[in-house]
Amino acid sequence: MVLQPESVYVQLGNKQDDTTGAISPPIHLSTAYRHNELGQSTGYEYTRTKNPTRSILEEGIAALEHGVAGFACSSGMAAIQLVLSLFKSGDHILLPYDIYGGTYRLLAHAHEHYQLEVSYADFQDLRSIKQMIRPETKAIFLETPTNPLLEEIDLTEVCQIAKANDLIVIVDNTFYTPYLQQPLRLGADIVVHSATKYLAGHNDVLAGLVVAKSKQIAERLADLHNNIGATLGPFDAWLVIRGIKTLPLRIRAQQKNAQHLAAFLADQDHVQEVIYPGKGAMVSFRLQESSWVAPFLKQLKLISFAESLGGVESFITYPATQTHADIPEAERVARGIDGQLLRFSVGIENVNDLIADLTQSFSKMNNSKGGDLE
Ligand SMILES: *Cc1c(COP(=O)(O)O)cnc(C)c1O
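Not measured: the values here are computed from a predicted model. (Residues numbered from 1 in each chain as written. Predicted model: local features only at pLDDT ≥ 70, side-chain atom pairs only at ≥ 80, totals over all residues. Heavy atoms only, no water.)

Novice: Looking at this model, I keep getting lost on the site of the ligand. Mind explaining?
Specialist: The local shell around the ligand holds 15 residues, among which Gly76, Asp172, Ser194, Thr196 and Lys197 are the closest. A distance of 2.9 Å is found between an oxygen atom of the ligand and a backbone nitrogen or oxygen belonging to glycine 76. Between the ligand and the protein, one listed contact pairs an oxygen atom with a backbone N or O atom of methionine 77 at 2.9 Å. Protein burial of the ligand: of its 380 Å² of free accessible surface, 93% is covered by the chains. When residues in the shell around the ligand are grouped by element, the largest group, three residues, is from helix α3 (residues 76-84). (Near = heavy atom within 4 Å. Polar contact = N/O pair within 3.5 Å; in protein donor to acceptor, adjacent residues only side chain to side chain. Areas by Shrake-Rupley, 256 points an atom, 1.4 Å probe, with all protein chains shown as cover. Helix = DSSP H or I, 4+ residues; strand = E, 2+ residues; numbered from the N terminus.)

This is how it looks when you write it as structure tokens:
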């Protein structure tokens, strides 16, 4: 029976425990697994290598992303580190300029300490990607849409260039999730997620996921996952499973709110520019003046000024001092992450309440003309 996506998502973890018939999958805390005799195994030995609760999540995300195997890690950064462990000193990786600040920081460290070569290119210009490929280039690592400027990258085109040059393509699919975009089906080789964001969706668990398309890469990742050991704990795996069940409902509600809010913000005198790719639930926007950012954030009553995204509660982040603070200022501003830019992770609140909160904050700024606005 071929199921529609909503049915697949919500059934994750069900029918996994024949002994009890549990609907919610058991959380297996046991770190060790007994063998009846020499040469026998239940398939589980030691929890770092394999854990039954984690396996449900790993097999689930592999199916949702159309890969052959999934690996659950203790954070999104641990997932990215796991993928970077596939490379060696001297290997070259190509990325778009607009990338998650933590990824930028981890790659800078890998360059400094392990001589991993890293270059950034304009991925809206396919020629610039081709020009930067050199004999040592092994991979392209990208996010689409990019963060925080929400530019979509043409994955099919990038994957074609990669195939022609024998490069592997790694996509951080945190922002769109497999519900809106399945990079492995468009030619990518590896998908990574910060499951902390939309997949878990409730701002209560830190987790990362990796999915491989080929058996060959999956085998290398399985070794590294076990060797490095930044695996996801069973309780956290269960929280992510629980989150994934409602992902389609949440994304649809958040996306609908985001579409409304993008239109609302575009009409506001205080807003210089709205950046919204038309789908997903992230909206970036620039206030007319960077000096308005502090009073605007301070006046918000419903929306939290906080540094994350993808949860059911609405957040506004200030990339310049939060997610992207580690990129040197001149470079950050040159990349478009300036002092006016805010990133809105739209939640599932009633959209009229979100609009009312933004309206009251903007109106306070008007009243304090000569004060906060100067
Ligand atoms: C948050 C985030 C990460 C890092 O994930 P953690 O779970 O915080 O370690 C990586 N990529 C993107 C796009 C993110 O938003």
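Let us keep going from here.
Novice: So what exactly am I meant to see when it comes to the sheet that holds strand β4 (residues 137-143) here?
Specialist: Whether parallel or antiparallel, the strands of a sheet pair through hydrogen bonds between backbone atoms. Judged by pairing direction, the sheet is mixed, and its seven strands sit side by side in the order β1-β7-β6-β5-β4-β2-β3 without closing on themselves. Lying at the two open borders of the sheet, with one neighbouring strand each, are β1 (69-73) and β3 (117-121). For this sheet, the mean inter-axis angle between neighbouring strands, taken without regard to orientation, is 20 degrees. Sheet topology places β1 next to strand β7 (residues 208-212); five bridges connect them, and they run antiparallel. (Pairing = 2+ DSSP bridges. Axes fitted to C-alpha atoms, helices over the stretch in contact; angles between N-to-C directions.)

Novice: Looking at this structure, how should I read the packing of aromatic side chains?
Specialist: Given two aromatic rings, their pairing is described by the distance between the two centres and the angle made by the two planes. Counting across every chain of the model gives six aromatic pairs. An angle of 85 degrees between the planes, with centres 5.9 Å apart, marks the rings of tyrosine 9 and tyrosine 179 as edge-to-face. Of the two residues, tyrosine 9 sits in helix α1 (residues 5-10) while tyrosine 179 sits in helix α7 (residues 177-180), which places them 170 residues apart along the sequence. For tyrosine 9, a relative accessible area of 3% gives the class buried. Residues phenylalanine 296 and phenylalanine 362 carry aromatic rings whose centres are separated by 5.1 Å and whose planes lie at 20 degrees to one another, so their mutual orientation is stacked. Of this pair, phenylalanine 296 sits in helix α11 (residues 293-299) while phenylalanine 362 is found in helix α13 (residues 351-367), placing the two residues 66 residues apart along the sequence. The exposure class of phenylalanine 296 is buried, given its relative accessible area of 0%. Lying across the ring of tyrosine 44, lysine 50 places its NZ or CZ 4.9 Å from the centre. Taking the ring centre of tyrosine 120 as reference, the NZ or CZ of arginine 335 above it sits at 4.8 Å. (Phe/Tyr/Trp six-rings, centres within 6.5 Å; stacked < 30°, edge-to-face > 60°. Buried < 20%, exposed > 50% of the residue type's maximum accessible area, 1.4 Å probe, protein only. Lys NZ or Arg CZ within 6 Å of the ring centre and 35° of its normal.)

Novice: I'm lost on the environment of alanine 207 in this one. Help?
Specialist: By the element assignment, alanine 207 lies in the loop between β6 (190-194) and β7. The exposure class assigned to alanine 207 is buried, which follows from its relative accessible area of 0%. When neighbours within four sequence positions are excluded, alanine 207 is seen to be in contact with Cys73, Ser74, Ser75, Gly76, His193, Ser194, Ala195, Thr196, Leu232 and Val240. (Contact = heavy atoms within 4.5 Å.)

Novice: Just to check I follow, could you spell out the sheet that holds strand β11 (residues 315-317) for this structure?
Specialist: In space, the five strands of this open sheet follow the order β8-β9-β12-β11-β10, with mixed pairing throughout. If you trace the sheet from one side to the other, it starts and ends with β8 (271-275) and β10 (304-305), each paired once. The pairing of strand β9 (residues 282-287) with strand β12 (residues 341-345) spans five bridges and is classified as antiparallel. Looking at β12, one finds that phenylalanine 285 is bridged to leucine 342.

Novice: Looking at this structure, I do not really get unusual backbone geometry. What am I missing?
Specialist: Most peptide bonds take the trans form, and the phi angle of most residues other than glycine is negative. Cis geometry is found at the peptide bond from threonine 144 to proline 145, where omega equals 5 degrees. Tracing the backbone through its elements, the reader meets proline 145 in the loop between β4 and α6 (155-164). In this structure, the amide linkage connecting asparagine 147 to the following residue, proline 148, adopts the cis form with an omega of 5 degrees. By secondary structure assignment, the location of proline 148 is in the loop between β4 and α6. Phi at histidine 66 is positive, roughly 60 degrees, even though this residue is not glycine. Here histidine 66 lies in the loop between α2 (52-64) and β1. The backbone of leucine 150 sits at a positive phi, close to 55 degrees, despite the residue not being glycine. Following the sequence through the fold, leucine 150 ends up in the loop between β4 and α6. On the basis of relative accessibility, which here comes to 4%, the residue leucine 150 falls in the buried class.

Novice: Any chance you could explain the side chain of arginine 343 here in plain terms?
Specialist: Residue placement: arginine 343 occurs in strand β12. Put simply, arginine 343 is tucked away with no salt bridge, and the nearest opposite charge, on glutamate 307, sits 7.2 Å away. A polar side-chain atom of arginine 343 sits 2.9 Å from a polar atom in the side chain of asparagine 147. (Lys, Arg positive; Asp, Glu negative; His and termini not counted. Salt bridge = Lys/Arg side-chain N within 4 Å of Asp/Glu carboxyl O.)

Novice: When you look at helix α10 (residues 247-266) in this model, what are you seeing that I'm missing?
Specialist: An α-helix turns once every 3.6 residues. As a result, residues three or four positions apart point the same way. In a regular helix each residue adds 1.5 Å, so 20 residues correspond to 28 Å; α10 covers 28 Å between its end C-alpha atoms and thus fits that length. Restricting attention to buried positions, one finds in α10 the residues Leu247, Pro248, Arg250, Ile251, Gln254, Gln255, Asn257, Ala258, Leu261, Ala262, Phe264 and Leu265. (Expected span 1.5 Å × (residues − 1).)

Novice: I keep staring at the domain arrangement of the chain and nothing clicks. Help me out?
Specialist: Often, the extent of an interface is quoted as the loss of accessible area on bringing the components together. As assigned here, the chain comprises domain 1 (5-245) and domain 2 (248-365). The C-alpha centroid of domain 2 is placed 27 Å from the C-alpha centroid of domain 1. Each partner contributes to the roughly 2,800 Å² buried at the junction of domain 1 and domain 2, and carbon and sulfur atoms together form 61% of this total. Summed over the shared surface of domain 1 and domain 2, the number is two salt bridges. A salt bridge links glutamate 6 to arginine 252; its shortest N-O distance comes to 2.8 Å. Secondary structure elements with two or more residues in the side of domain 1 that touches domain 2: α1, α4 (101-114), α7 and α9 (234-245). Looking at side-chain class alone, the side of domain 1 that touches domain 2 contains 17 nonpolar, seven polar and six charged residues. (Domains from an automatic or database assignment. Buried area = accessible area lost by both parts, 1.4 Å probe. Nonpolar A, V, L, I, M, F, W, Y, C, P; charged D, E, K, R; others polar.)

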